[in-house]
Amino acid sequence: MKKFTSIIAALLVLGSMPSMAQTQKGSILIKNATVITITNGTLEDTDVLVENGIIKKVGKNLSASNVQTIDATGKFLMPGIIDAHSHVGLDAVNEATSPITSEVKMEDVVNPYDVGIYRALAGGVTISHAMHGSANAIGGQNITLKHRFGTSNPQDLFMQDAARTIKFALGENPTRVHGRGNNNQPRTRMGVEAVIRNGFNEAIQYKKTWEDYNAALKKKGATPIPPKFDTRLQTLVDILDGKIIIHCHSYRADEIYMLINVCREFNITNIVFSHVNEGFKVAPELAEYTMGASIFADWWAYKFEVYYSTAYNAAILTKNGVVTSINSDSGELIRHLYHEAGKAQRYGELTDDQTLALITINPAKQLGIADKVGSIEEGKQGDLVIFNEHPLSVYAIPQMTFVDGVKYFDINTDANDMRIKVSATDAVEPIFLKEHDERCMHGVDFFFTNFGRNLFEHSH
Amino acid sequence: MMKFRAILYTVALALSPILAQAQFDGEFIKPRNGRFLLQNATIVTVTKGTIQNGSVLIANGRIEAVGTNVAAGDAEVIDCSGQFIYPGMFDGGSQLGLVEVGSLAETQDYAEIGQVTPNMQALVAVNPNSIAIPVTRVSGVTTILATPSGGMFPGTAALINLNGYTPDQMYAGFKGVILNFPSSARRSTWDRRSDEDVKKDAEKAQKNLNDIWERATTYHQLVSAKAALPYYPEMEQLAKVVSGELPLLVEVNAASDIELAIKWLENKEIKAILTGVAEGWRVADKIAAANLPVITGPMLAIPTRQSDRFDASYTNPGKMAKAGVKVVIRSNDSENTRNLPFNAGFAAAYGMGKEEALKAVTINSAEVFGVADRLGSIEVGKDATLFVSTGDPFETRSQIRHVFIDGFRVPMSNRHIRFYQEFLERSPGLEKN
C-alpha cells in the first residue's frame, strides 16, 4: 500500500513538472518531386533532404545514408500550409468579461486531443495561429501552434520560436458583447476607438510609473515603493514597444482605417488585419502602413458588416501590394485552405505563385516566422506536404504531411479513427451535423440568453 | 432686358443637350434574349457525349441546334474557340433568395414559426432581386432548389432559375414538401443535450410524425370521398404528398435515422427523395435497395463523427453512387451557393469521378426533379440554360465567360465584380493628389 502511494506520488510529481523535453525532429529524403518552393520558383524532378527537422538541401540526385527516402515522382511538394487565423486545438476562445483582456493567454487552453488538428494536417496545414475570440476590442494573447499531433502535452504543440501576437477586434462583435449585451462601452465604432486609445494611453502612463520607479531606485539611499504589477497594461506596453504583433478582427473599411490611424499615432507598425472583408476599399493604406491582411476567400453576407464584400478581395489586395493571406477561422475550412486559396484564381486570376503565397510565406510574414517556415529553402524548418496533383487543382489530395521532418499524416497508412482520447461521458458517440461555424464568438452565449434567437449562427 | 433674355435663351439652348441627358453616367447591362450562336466550342452535352468544335444555336429560349455544322443565320455569333459549353448546374438545396444577411432576422425568410407548416411556400418568399443571385449565377449555377427549414414540416421547396423579376418568371417546374425526419444526431457541435435527451426528443418527434401523417392520410381519404372539410391548409398540402401529387423531401442524416426513414417510407406509396444523407455511405446499399434518390451535401463539411476518417464527407457521394444510388449534389448554402461546383469537385476527387460528379449537378438533378425534358443537358429542344467556361467548371482556375438562362444572356456582372472594377486601382489612391 505504501509502495503504491509512493508510486502515485511520484507520478504526480512527474506529471506536474513542466515539460522541457525537445519535440521530435525527423530526417527524410523526398525524391523526384515537382517542388513548389514559393520563394524560388517551381523545380521539376527535384529532391528535398530534411535532417533533424531542418531542410538541409534542395537539389537533384541527392542521397543520404540512414535516412528514409520517399519517391514522389509525379507528385507535388510544397511547404506546409500556414493558417493565420484559427481556433482549432483550443478549449476556450473568449474571455468576454472586459473590453480589454490583454492579460489572457491562449497557451493556457491548448487542447492537444482535438482531432481537428489531425484533420488540418490531412489538408496539408502544419501551423495554425490559435487565436483569442473577437468579443473584446483588445482580446487575449494568441499562440502559434505546430501540428505535432499525437502528444498529450500542450506545450509540444507550441511553436516556441514564433513571435508574440495579440487579438484585437473591431465592429459588431465587441459592440454587441459589451455595448448592447452588457451596457458598457463600446457600443459603437467610436467607443471601440476610444477603448483602444485609452488602453494605449494608460499603458504609457504605466510604463512611465515603472521608469520613474527604476530611476528612483538608482538614487543613493532611496527606498521608493514599487508600483503594482499589471499584466494587462504590461502587455499593452509590449505592443507599444513593438514586441507583439496585433492581429485585428475587422470588416469595414472605416474601422480598418481608424485602427491604422491609431497605430500610426502610437508608432505601432506590427499590425495585421484579419477577415478584412472591406480591406479592398483601403488597399493603398493597408499596403503602406501595415503587415497586411489575412482574409476569407469568399465569405460574405453572414452578417451586416460583411454585406458589401467581394470575393475579389485577395486579388485587389495582392495587386495593390498588400501582404495578403487566406485563413480559415474554422475547423472545416482549415482542412482545405489550398482550395480556399485557389478561389483567388477564379476571382481575379492571380498567378500560381501569388496564390500559393496566400497560404504559405505571406501568413508566415504576418506571424513573424517567415525566416523559419513558409517556403522550401535550405535552413528552414522541415514542414512539408506532398500532393498528388497541383495543389491549386480542385482534384488535389494531400498525401503526406511533415512537421519538423516528422510525418504526421499519411493518406495510405493512417487509421480511419485518429482520436487520441475518447470521452468517457459519451455513452454513444455523438453525431454532429455540422461544426458550429462561429468560433470567434465561442463562449459568449451566456450573455445573450434573453435574445430569443441564435445570434451565433454566422457571427465571425 | 431684351439682351438678357437673349443670353438666357442662348445659354439654355447650349445646355439643352446636356439637360436632355439623365443625371448619371453609364449604361446598365440587362439580361437579354434573342438568337445566339455559340461557335467553335467543346460541347459537354452530359447525355450525348462531348462534341469538339461544335456550335449551339439558341433561339426562342431553347436550344435549336447542336452540332459541328450549324449555320448562324441572323443569330448573334459568340466565338467560343478553346472554350467549353456545359448545361447549367443545379444546386439541389439552398437558401439563396430566402435570406439576404445571415444574422439579421429581418432578412431570414426561410424558417416560419411552428412544427407543421408544409403550406409555407418558398416560392412566395424568394427575392428575385437578392444581391446574391447575380453573384451566384456567374459561376454557372443556374438553377437551385430553394428550401425552407425549421420545424418538422417547414414548408414547400421550389426549383427556381436564377434569372427573372418575379418568382413566377424564375420558377423551374418542381415543388416538394420538406420533412425534417426525427433526428438522433446533434444539430451542431453546440448542441449539448444529453444522450438521453437526444434519444427522447427523437422518439417524441417520431410519434408526432406518425400522428401527423395519420391525420394527413385521413384528410386525403376524406377529400377523395368528396367530404366537405373545414379550412385546413397544412393538411391540404400534406394530402398532396399522400396522393403522390407532390414529392416528399426527407431530410435525414444519421445512419440509424436513414434506416428508420427507409422503413417509414416502405409502406407509403409516395414519391420520396432523401436529402442531407450525411452518413449515407454507412447504409448506401440499403438506400440503393430502397430505390430512393438522394440529394446530398455539402461535401465541404466536417465528418459527422470524431472517429470518422477525415474525408468522410468528401467520399460520401461517391460511395453512394457506387452502391447504385442516384445522387444529386447540393451546397445547402445561401450567399455562397456559387461553391456548388467546388463541392462537386471534391466529390469527384474523392471517389465519385468527374463524369458522375458532373451528372450529380446536371442531368441527375433534372431527372430527380422531373424536369429532364427541359433541363440538365445540352440537347436540341431543351431550354437554353447553359454556360461557357474556359475549362472544367469545378476547377477554381477556370473562368466562366457566358451564362444563358432560359435563352436570356445574363450579364457577367454583380456587386462583387463591380467592387473589383472600382477598387482594383482606386482613384484617388493613397494620396489625394
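For chain B, the name recorded in an unreviewed UniProt entry is Amidohydrolase, with Rhodonellum psychrophilum GCM71 = DSM 17998 as its organism.

Looking up chain A in an unreviewed UniProt entry gives the name Amidohydrolase, with the organism given as Rhodonellum psychrophilum GCM71 = DSM 17998.

Q: What's the story with the overall build of chain B in this structure? I'm lost.
A: When you go through chain B residue by residue, the secondary structure sums to 13 helices and 16 strands. The principal-axis extent of the C-alpha atoms belonging to chain B is close to 95 × 60 × 55 Å. Relative to its 433 residues, chain B shows a buried fraction of 56%. A sequence separation of at least 24 residues applies to 67% of the contacts in chain B between residues at least 6 apart. Summing over all exposed atoms, chain B offers an accessible surface of approximately 19200 Å²; the carbon and sulfur share of this is 51%. On chain B, the mean spot of the 43 positive side-chain charges and the mean spot of the 46 negative ones are 2 Å from each other.

Q: How should I be thinking about the pairing of strand 7 (residues 125-130) of chain A in this particular structure?
A: In summary, the side chains of a regular strand alternate between the two faces of the sheet. Residue and element names in this part refer to chain A. Across the six residues of strand 7, six count as buried, placing the element largely inside the fold. Following the chain from strand 6 (residues 81-86) across helix 2 (residues 115-121) to the adjacent parallel strand 7, one finds a crossover that is right-handed. Pairing geometry for strand 7 and strand 9 (residues 143-146), over four bridges, is antiparallel. Its bridge partner being in strand 9, I127 is matched across the sheet by K146.

Q: What should I look at first to understand the packing of aromatic side chains in this one?
A: For any pair of aromatic rings, the description rests on two quantities: the centre-to-centre distance and the angle between the ring planes. In total, this model carries 31 aromatic pairs over all chains according to the counting rule given. Look at A:F280 and B:F419: their rings are 5.1 Å apart centre to centre, the planes differ by 45 degrees, and that puts the pair in the tilted class. A residue pair is termed interchain when its members come from two chains, as with A:F280 in the loop between strand 12 (271-275) and helix 7 (283-289) and B:F419 in helix 13 (residues 415-423). Judged by centre distance (6.0 Å) and plane angle (70 degrees), the ring pair of B:F181 and B:W264 falls under edge-to-face.

Q: Just to check I follow, could you spell out the pattern of salt bridges for this structure?
A: Think of it this way: side chains of opposite charge can pair up when their charged atoms draw near. Residues and elements named next belong to chain A. Going through the model one piece at a time under the given rule, you end up with 47 salt bridges over all chains. The partner of K57 in a salt bridge is E378, and the shortest N-O contact between them spans 3.8 Å. Taken as a pair, K57 in strand 3 (residues 54-59) and E378 in the loop between helix 11 (361-366) and strand 15 (384-387) lie far apart in primary sequence, 321 residues in all. With a relative accessible area of 41%, K57 lands in the partly exposed category. Here E378 falls in the partly exposed class, since its relative accessible area comes to 45%.

Q: What is the right way to look at helix 4 (residues 189-217) of chain A in this model?
A: Helical geometry: 3.6 residues make up each α-helical turn, so side chains three or four residues apart lie on a common side. Residue and element names in this part refer to chain A. Over its 29 residues, helix 4 runs 42 Å from end to end, which matches the ideal 42 Å to within 8%, given 1.5 Å per residue. Taken as a whole, helix 4 has its buried residues at G191, V192, V195, I196, G199, F200, A203, Y206, Y213 and A216. Looking at the packing, one finds that the buried side of helix 4 touches strand 8 (138-141), strand 10 (164-169), helix 3 (172-181), helix 5 (231-240), strand 11 (244-250) and helix 6 (253-265). A side-chain oxygen of the first residue of helix 4 lies 3.2 Å from the backbone nitrogen of M190; this N-cap is T188.

Q: Please clarify how the UniProt feature "domain: Amidohydrolase-related" (unreviewed entry) in chain B should be interpreted in this entry.
A: The residues that UniProt annotates with the feature "domain: Amidohydrolase-related" (unreviewed entry) are residues 169-407 of chain B. The span residues 169-407 of chain B is 40% helical and 15% strand by assignment, and the distance between its end C-alpha atoms comes to 13 Å.

Q: How should I be thinking about the packing of helix 9 (residues 337-346) of chain A against helix 10 (residues 340-352) of chain B in this particular structure?
A: For any two helices packed against each other, one specifies the crossing angle of their axes together with the interaxial distance. Two elements in contact, helix 9 of chain A and helix 10 of chain B, have axes separated by 12 Å at closest approach and are oriented at 130 degrees. Here helix 9 of chain A lies oblique to helix 10 of chain B, going by the angle between them. In the crossing of helix 9 of chain A with helix 10 of chain B, the sense of the turn from one axis to the other is right-handed. Listed contacts from helix 10 of chain B to A:Y338, A:H339, A:K343 and A:R346 of helix 9 of chain A are B:F342, B:F346 and B:Y350. Here the residues of the contact of helix 9 of chain A with helix 10 of chain B sort into four nonpolar, one polar and two charged.

Q: For this particular structure, what's the right way to read the UniProt feature "domain: Amidohydrolase-related" (unreviewed entry) in chain A?
A: The sites that UniProt annotates as "domain: Amidohydrolase-related" (unreviewed entry) are residues 314-408 of chain A. Secondary structure within residues 314-408 of chain A divides into 29% helix and 17% strand; the distance between the first and last C-alpha atoms comes to 30 Å.

Q: Where do I start with the sheet that holds strand 13 (residues 293-295) of chain A in this structure?
A: Strand-to-strand pairing in sheets goes through backbone hydrogen bonds, with the strands running parallel or antiparallel. Residue and element names in this part refer to chain A. Sheet architecture is open: six strands sit in the order 8-10-11-12-13-14, paired in mixed fashion. A single partner strand is all that each edge strand has here, and the edge strands are strand 8 and strand 14 (324-326). The sheet shows a mean angle of 25 degrees between the axes of neighbouring strands, direction not considered.

Q: What exactly am I supposed to notice about the domain arrangement of chain B here?
A: The figure often quoted for interface size is the accessible area lost as the parts come together. Residues and elements named next belong to chain B. Under the domain assignment, chain B is made up of domain 1 (29-88 + 376-433) and domain 2 (89-375). Here domain 1 and domain 2 have C-alpha centroids that lie 29 Å from each other. Taken together, the contact pairs 31 residues of domain 1 with 32 residues of domain 2. Between domain 1 and domain 2, the buried area comes to about 2500 Å², and carbon and sulfur atoms account for 67% of it. Taken as a group, G376, F394 and I405 account for 26% of the area that domain 1 buries against domain 2, more than any other trio of residues on that side. Our count for the domain 1 to domain 2 interface comes out at one salt bridge. Notably, a salt bridge pairs R374 with D383, separated by 2.8 Å at the nearest N-O pair.

Q: Help me understand the nonpolar core in this model?
A: Residues A:L259 and B:I287 are the most contacted members of the largest nonpolar core, which totals 185 residues. Built from parts of two domains, this core gets at least three residues from each of domain 1 (29-88 + 376-433) and domain 2 (89-375) of chain B. Among residues more than four places away in sequence, those in contact with B:I287 are B:I258, B:I262, B:L274, B:V277, B:G280, B:L292, B:V294, B:M320 and B:V325.

Q: Hey, could you run me through the interface of chain B and chain A in this one?
A: Opposite the 66 residues of chain B that make contact, chain A presents 77 residues. The largest contributions to the chain B side of the interface with chain A come from B:W190, B:Q306 and B:F310, which together make up 12% of the buried area. Along the contact surface separating chain B from chain A lie two salt bridges. Across the pair A:E285 and B:R426 runs a salt bridge, and its minimum N-O distance is 2.8 Å.

Here is what the cut-offs are and how they apply
Residues numbered from 1 in each chain as written. Chains lettered and ligands numbered in written order. Predicted model: local features only at pLDDT ≥ 70, side-chain atom pairs only at ≥ 80, totals over all residues. Heavy atoms only, no water. Helix = DSSP H or I, 4+ residues; strand = E, 2+ residues; numbered from the N terminus. Buried < 20%, exposed > 50% of the residue type's maximum accessible area, 1.4 Å probe, protein only. Contact = heavy atoms within 4.5 Å. Areas by Shrake-Rupley, 256 points an atom, 1.4 Å probe, with all protein chains shown as cover. Lys, Arg positive; Asp, Glu negative; His and termini not counted. Charge placed at Lys NZ, Arg CZ, Asp CG, Glu CD. Right-handed = clockwise from strand over helix to strand, strands pointing away. Pairing = 2+ DSSP bridges. Phe/Tyr/Trp six-rings, centres within 6.5 Å; stacked < 30°, edge-to-face > 60°. Salt bridge = Lys/Arg side-chain N within 4 Å of Asp/Glu carboxyl O. Expected span 1.5 Å × (residues − 1). Polar contact = N/O pair within 3.5 Å; in protein donor to acceptor, adjacent residues only side chain to side chain. UniProt positions renumbered as here; feature names shortened; annotations may be inferred. Axes fitted to C-alpha atoms, helices over the stretch in contact; angles between N-to-C directions. Parallel < 35°, antiparallel > 145°, perpendicular 65-115°, else oblique. Left-handed = near helix turned anticlockwise from the far one by under 90°. Nonpolar A, V, L, I, M, F, W, Y, C, P; charged D, E, K, R; others polar. Domains from an automatic or database assignment. Buried area = accessible area lost by both parts, 1.4 Å probe. Core = buried A, V, L, I, M, F, W, Y, C linked by side-chain atoms within 4.5 Å.

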